[in-house]
Amino acid sequence: MKTEFLSVLNILVLLGAVLSALVAVEAKRILDSVIALGAAGSFMAVEFLFLQAPDVAIAEAAVGAVLGTVLYIIALRKVMGKDREDENE
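Just so it is clear, the model here is predicted, and its values are computed rather than measured.

Engineer: Just to check I follow, could you spell out the overall build of the chain for this structure?
Structural biologist: Regarding its fold elements, the chain presents three helices and zero strands. The secondary structure elements of the chain, listed N-terminal to C-terminal, are α-α-α. Relative to a compact globule of 89 residues, whose C-alpha radius of gyration would be 12 Å, the chain shows 17 Å and is clearly more extended. Principal-axis analysis of the C-alpha atoms places the extent of the chain at approximately 65 × 25 × 15 Å. With 89 residues in all, the chain has 20% of them scored as buried. When the accessible surface of the chain is split by element, carbon and sulfur atoms take 70% of a total near 6800 Å².

Quick look at the structure:
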């Protein structure tokens, strides 16, 4: 029973990773893509935990899900802010 539950949970995590990666590619707005990319990183971190690689899971959660998403959002705000300043001039 426990292994069946873990197998189903593993499949759901993998489906979540694939679906969020597809959303990241197909999204119309850049911010939606960045958020979906962060979600894909989170799903991959959970998958690495299932694969008994906690060190890789921590690295993926820190870099793939958090740091990458934050850096993309900061870069987007800076770029979008410059575009808005150009429109005002």
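Engineer: Explain unusual backbone geometry to me, please; I cannot follow it from the model alone.
Structural biologist: Note on backbone geometry: most residues besides glycine have negative phi, and most peptide bonds are trans. For glutamine 52, which is not glycine, the phi torsion reads 60° and is therefore positive. For glutamine 52, the location among the structural elements is in the loop between helix 2 (30–50) and helix 3 (54–88). Look at glutamine 52 and you get exposed, because its relative accessible area is 72%.

Engineer: I would appreciate a short explanation of the pattern of salt bridges in the present structure.
Structural biologist: As a working rule, side chains carrying opposite charge can pair if their charged atoms are close by. Taken as a whole and judged by the stated rule, the model has one salt bridge. For the salt bridge of arginine 29 with aspartate 32, the shortest nitrogen-to-oxygen distance reads 3.7 Å. For aspartate 32, a relative accessible area of 34% translates into the label partly exposed.

Engineer: Please clarify how the side chain of glutamate 47 should be interpreted in this entry.
Structural biologist: You can see glutamate 47 is positioned in helix 2. Ignoring any residue separated from it by four or fewer positions in sequence, one finds glutamate 47 in contact with Asn10, Val13 and Leu14.

Engineer: What am I meant to see in helix 1 (residues 2–26) here?
Structural biologist: Structural remark: α-helix, 3.6 residues per turn; residues separated by three or four positions point the same way. Here helix 1 contains 25 residues, and its C-alpha end-to-end distance of 36 Å stays within 8% of the 36 Å for a straight helix at 1.5 Å per residue. Listing the buried residues of helix 1 in full gives Val13, Gly16, Ala17, Ser20 and Ala24. Residues of helix 1 that are buried in the fold lie against helix 2.

Engineer: Quick question: what am I supposed to make of the confidence of the model for the chain here?
Structural biologist: The predicted structure's coordinates, where accompanied by low pLDDT, should not be read in detail. Per-chain confidence: the chain averages 88 in pLDDT, with 91% of residues scoring 70 or above. Taken element by element, the chain is modelled with least confidence in helix 3, mean pLDDT 84, and with most confidence in helix 2, mean pLDDT 93.

Engineer: Just to check I follow, could you spell out the packing of helix 1 against helix 2 for this structure?
Structural biologist: Two quantities define a packed helix pair, namely the angle between the axes and the distance from one axis to the other. Relative orientation of the contacting elements helix 1 and helix 2 amounts to 155°, with a least axis distance of 8 Å. As far as their axial angle goes, helix 2 and helix 1 are roughly antiparallel. As helix 1 runs across helix 2, the sense of the crossing is left-handed. For the pair helix 1 and helix 2, the contacting residues are Leu9, Asn10, Val13, Leu14, Gly16, Ala17, Ser20, Ala21, Val23 and Ala24 in the first and Ser33, Ala36, Leu37, Ala39, Ala40, Phe43, Met44, Val46, Glu47 and Phe50 in the second. The class makeup of the residues in the contact of helix 1 with helix 2 is 15 nonpolar, four polar and one charged.

About the cut-offs
- Per chain, residues are indexed from 1 in the order of the written sequence.
- Per-residue local features are limited, in this predicted model, to residues with pLDDT of at least 70; the limit for side-chain atom pairs, both in listing and counting, is 80 or more; totals at the level of whole chains, interfaces and linings are taken over all residues.
- Neither water nor hydrogens contribute to the side-chain values; these are computed over all heavy atoms in the structure.
- Helix numbering and strand numbering both begin at the N terminus, where a helix is a DSSP run of H or I of at least 4 residues and a strand a DSSP run of E of at least 2.
- Taken over C-alpha atoms, the radius of gyration is set against a globule rule of 2.2 Å times the number of residues to the power 0.38.
- Partly exposed describes any residue whose relative accessible area lies between the buried limit of under 20% and the exposed limit of over 50%, with all areas from a 1.4 Å probe on protein chains only and scaled to the type maximum.
- Computed by Shrake-Rupley with a 1.4 Å probe, the accessible areas treat only the displayed protein chains as cover when residues are assessed.
- Within this document, salt bridges are pairs made up of a side-chain nitrogen of Lys or Arg and a carboxyl oxygen of Asp or Glu, the two lying within 4 Å of each other.
- Residue contacts are defined here by distance: any two heavy atoms, one from each residue, within 4.5 Å place the two residues in contact.
- Expected span, for any helix, means 1.5 Å times one less than how many residues it has.
- For every residue, the predictor reports its confidence as pLDDT, a number between 0 and 100.
- Axis definition: a line fit to C-alpha positions, over the contact stretch in the case of helices; interaxial angles, taken between N-to-C directions, run 0 to 180 degrees.
- An angle below 35 degrees is read as roughly parallel, one above 145 as roughly antiparallel, one from 65 to 115 as roughly perpendicular, and any other as oblique.
- Crossings are classed by handedness, with left-handed meaning an anticlockwise turn of the near helix from the far one by less than a right angle and right-handed meaning a clockwise turn.
- The classification used treats Ala, Val, Leu, Ile, Met, Phe, Trp, Tyr, Cys and Pro as nonpolar, Asp, Glu, Lys and Arg as charged, and all other residues, Gly among them, as polar.

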